[in-house]
Amino acid sequence: MSALCEFALRMGDNTLILGHRVSEWCGHAPVLEEDIALANTALDLIGQTQMWLGLAGEVEGNGRTADHLAYKRDAWDFRNVLLVERPNGDFGQTLMRQFLFDAWHHPMLKWLSENSAEKRVAEIAEKAVREAAYHLERSADLVIRLGDGTDESHRRMQDALAYHWTYTGEMFEADAVDGELADAGVAPDPAAMKPGWDALVGDVLAEATLAVPENDFAHKGGRRGQHAEHLGHILASMQFLPRAYPDARW
Amino acid sequence: MYAQMVKSTGTLKTREEMDERERAFQDRIDAGEKIEPQDWMPEGYRKTLIRQIGQHAHSEIVGQLPEGNWITRAPTLERKAILLAKVQDEAGHGLYLYCAAETLGVSRDEMTEKLHDGKMKYSSIFNYPTLTWADIGAVGWLVDGAAIMNQVALQRTSYGPYSRAMVRICKEESFHQRQGYSIMMTMAAGTPEQKRMAQDALDRLWYPSLMMFGPSDKDSVHSAQSMAWKIKVSTNDELRQKFVDQTVPQAEYLGLTIPDEKLDWNEAKGGYDFSEPDWQEFHDVLAGNGPCNADRMSARRTAWEDGAWYRDGLVAHANKRAAQRMAAE
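None of the values given here were measured: they were computed from a predicted structure.

(A) Spotlight on the overall build of chain B. Helix and strand counts for chain B come out as 13 helices and two strands. Against the 2.2 N^0.38 benchmark of 20 Å for 329 residues, chain B shows a C-alpha radius of gyration of 21 Å, consistent with a compact globule. Considering only C-alpha atoms, chain B reaches an extent of 70 × 60 × 35 Å along its principal axes. Looking at chain B as a whole, 58% of its 329 residues qualify as buried. Counting only contacts in chain B whose residues sit at least 6 apart along the sequence, the fraction spanning at least 24 positions is 80%. Of the roughly 14,000 Å² of accessible surface on chain B, a fraction of 52% belongs to carbon and sulfur atoms. Considering chain B, the positive charge centre built from 40 side chains and the negative charge centre built from 48 side chains are found 5 Å apart.

(B) A look at the overall build of chain A. Of the regular secondary structure elements, chain A holds ten helices and zero strands. Secondary structure of chain A in N-to-C order comes out as α-α-α-α-α-α-α-α-α-α. Its C-alpha radius of gyration of 18 Å places chain A within 12% of the 18 Å reference for a compact globule of 250 residues. Counting only C-alpha atoms, chain A reaches 55 × 45 × 30 Å along its principal axes.

(C) Structural detail: the side chain of arginine 300 of chain B. Checked against the element boundaries, arginine 300 of chain B lands in helix 12 (residues 293–306). No salt bridge is formed by the buried arginine 300 of chain B; its nearest oppositely charged neighbour, aspartate 35 of chain A, is found at 4.1 Å. Once residues within four sequence positions are removed from consideration, arginine 300 of chain B is found in contact with Gly27, His28 and Asp35 of chain A together with Ile61, Val62, Gln64, Leu65 and His116 of chain B.

(D) Structural detail: the interface of chain B and chain A. Counting from both sides, the interface comprises 48 residues of chain B and, opposite them, 51 residues of chain A. For the pair chain B and chain A, the summed buried area comes to about 4,200 Å², and 68% of that belongs to carbon and sulfur atoms. The largest contributions to the chain B side of the interface with chain A come from Leu77, Trp309 and Tyr310 of chain B, which together make up 21% of the buried area. There are three salt bridges connecting chain B and chain A. Here aspartate 148 of chain A and lysine 320 of chain B are joined by a salt bridge, their closest N and O atoms 2.9 Å apart. Here chain B is connected to chain A by 14 residue pairs in polar contact (both at pLDDT 80 or more).

(E) Structural context of unusual backbone geometry. Look at threonine 209 of chain A: it is not a glycine, yet its phi comes out positive at around 60°. In this structure, threonine 209 of chain A sits in the loop between helix 8 (194–207) and helix 9 (229–238). Although it is not a glycine, lysine 230 of chain B adopts a positive phi angle of roughly 55°. Mapped onto the secondary structure, lysine 230 of chain B falls in the loop between helix 9 (223–228) and helix 10 (236–254).

(F) Examining helix 8 (residues 192–211) of chain B more closely. All names here are of chain B. For helix 8, spanning 20 residues, the distance from its first C-alpha to its last is 30 Å, which sits close to the expected 28 Å at 1.5 Å a residue. Along helix 8, the sharpest change in direction is near 40° and occurs at leucine 205; proline proline 208 comes one to four residues later. Every buried residue of helix 8 is listed here: Gln194, Met197, Ala198, Gln199, Ala201, Leu202, Leu205, Trp206, Pro208, Ser209, Leu210 and Met211. Looking at the buried side of helix 8, the elements it contacts are helix 6 (133–154), helix 7 (160–188), helix 10 and helix 11 (279–289).

(G) Structural detail: the environment of valine 152 of chain B. All names here are of chain B. Here valine 152 shows up in helix 6. For valine 152, a relative accessible area of 40% corresponds to the partly exposed category. For the pair valine 152 and cysteine 170, spaced 18 residues apart in sequence, the C-alpha separation works out to 6.5 Å.

(H) View of the nonpolar core. Among the nonpolar cores identified, the biggest contains 145 residues, and Trp52, Met96, Phe99, Leu112 and Val143 of chain A together with Trp133 of chain B are the most heavily contacted of them. Listed in part, the 30 residues of the second largest apolar core include Phe25, Ile29, Ile35 and Tyr98 of chain B.

(I) Region of the structure containing the packing of helix 4 (residues 91–115) of chain A against helix 8 of chain A. Residue and element names in this part refer to chain A. Interaxial distance between helix 4 and helix 8 falls to 9 Å at its minimum, and their mutual angle equals 140°. The way helix 4 lies across helix 8 gives a crossing that is right-handed. Contact residues: helix 4 offers Met96, Phe99, Leu100, Ala103 and Trp104, while helix 8 offers Trp197, Leu200, Val201, Val204 and Leu205. Taken together, the residues of the contact of helix 4 with helix 8 break down into ten nonpolar, no polar and no charged.

(J) Main features of the packing of helix 5 (residues 119–147) of chain A against helix 13 (residues 308–328) of chain B. For the pair helix 5 of chain A and helix 13 of chain B, the least separation of the axes is 8 Å and the interaxial angle reads 85°. When the interaxial angle is binned, helix 5 of chain A and helix 13 of chain B end up roughly perpendicular. Residue-level contacts link Leu142, Ile144, Arg145 and Leu146 of chain A of helix 5 of chain A to Trp309, Tyr310, Gly313, Leu314, His317 and Arg321 of chain B of helix 13 of chain B. Tallied by class, residues from the contact of helix 5 of chain A with helix 13 of chain B come to six nonpolar, two polar and two charged.

Basis of the calculations
Residues numbered from 1 in each chain as written. Chains lettered and ligands numbered in written order. Predicted model: local features only at pLDDT ≥ 70, side-chain atom pairs only at ≥ 80, totals over all residues. Heavy atoms only, no water. Helix = DSSP H or I, 4+ residues; strand = E, 2+ residues; numbered from the N terminus. Rg over C-alpha atoms; globule rule 2.2 N^0.38 Å. Buried < 20%, exposed > 50% of the residue type's maximum accessible area, 1.4 Å probe, protein only. Contact = heavy atoms within 4.5 Å. Areas by Shrake-Rupley, 256 points an atom, 1.4 Å probe, with all protein chains shown as cover. Lys, Arg positive; Asp, Glu negative; His and termini not counted. Charge placed at Lys NZ, Arg CZ, Asp CG, Glu CD. Salt bridge = Lys/Arg side-chain N within 4 Å of Asp/Glu carboxyl O. Buried area = accessible area lost by both parts, 1.4 Å probe. Polar contact = N/O pair within 3.5 Å; in protein donor to acceptor, adjacent residues only side chain to side chain. Expected span 1.5 Å × (residues − 1). Bend = angle between axes of the 7 residues up to and from the residue. Core = buried A, V, L, I, M, F, W, Y, C linked by side-chain atoms within 4.5 Å. Axes fitted to C-alpha atoms, helices over the stretch in contact; angles between N-to-C directions. Left-handed = near helix turned anticlockwise from the far one by under 90°. Nonpolar A, V, L, I, M, F, W, Y, C, P; charged D, E, K, R; others polar. Parallel < 35°, antiparallel > 145°, perpendicular 65-115°, else oblique.

Read these as layout, nothing more, since geometry by itself doesn't imply function.
Written out as structure tokens, the structure reads:
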């Protein structure tokens, strides 16, 4: 598989799996405005998935569509980071996961839209970056307000941060695919995104009166297909219909 | 939609029985004027509207649950995106409607509490389960179709904020109905299993959809006053007839059979004759004994209770910021 195809899968699988998780909240959010915002976020992420997986299928050249890639691969072929498959937990965990991801996603899309030498990548990023800017603005704002809210909201947000923290390092790990893409000017070196992320996350957490966890361990594996137990369950529900009725068109 | 059996406060008065203000109010209604929040209105008018708009808003909110049940299992990315957009619209409709009710002097939180305490209702239809993907098609086609019948009429309702909310909502609902029918077309023309799902969805949801219009006019005890006030603008039976007349040809086009042996075109009345739903079942569902009542309410209460810390956190933060601004001034 080409590096470009692999990259498009990584981007698209991140948005697909996070979109799935966010959509699980439908009708269960703490306030009506959140139901609307979560559905909107999930919708953006699924829209981005269609573009990235569409590109992956096109680059692969075997006739697989975005739907094929979403619905007919097993877990070991998924390339999302482990962070996005983490369970929703309470609303604080969902929100913190979103913020930690958005703080990586938005600068990544911004870089791609402005710099990518691969036109198709730049075009997708150009469409997605505006949505990601809004996601980041919203998630950062809520992390600040809830971190610096009541004692309980502060505690929950601090717990949520600890729960996800060791799953953030994977976003900055680099392998041979990343090296090839960086050399070709298609995508940035993931490690180069880390200082910006540290600064942004540090500022937001400081304003939220939340302490940055000291644990710098990083769980890895998602980007090469080694996932947590969670992904299999996500796929079991997501892929149920096309798997149970393989001859059907929907 | 989705107001049924809204209790009307106040008995229908003759002109002679009305006082001067009530007569002037009724004259405005009869002249087709809109009543606005700052205008004087009879207490019964205000209370009836709160019940009706509140019930309608609650239905939009509870209605997220049966559709949300299939978002994670939608069979293509496009269907998933469309369903997400639809459910997002519905939450938005809930928001407009709560805002419209708030102009009558009741807060969203008060209405939410009453829903959770069982003192306010939502449409009976959302107490039925969505068991297959075809149900998502049938909900759009039949349930949104029934809702549109009611809501198109309600664009002419006498209360300005409610009427304007309906105008916005109707635009989006017609898109919802089309997406539902599009799913039904695909399913009905699909594999034998898909066709079976489509017919099964129609079999289960047909009568509950007819119930959405409320009891037969002869048994509808609350209608007269609401009609006089133009809170309601068509009777339950008129709307139900219109819905059946519209839907039967659509089912025929799909090649599906409406589960009613008595269904027959009546040339004289220019509409279909059809069987009434089982009204005992309707009353059972309203009384809390539908297949999903307990689950729906439990989901809503849990969402509200589990979200208390979130809402409290935001309020506490806003208060802190306000105090900081005061101190800085």
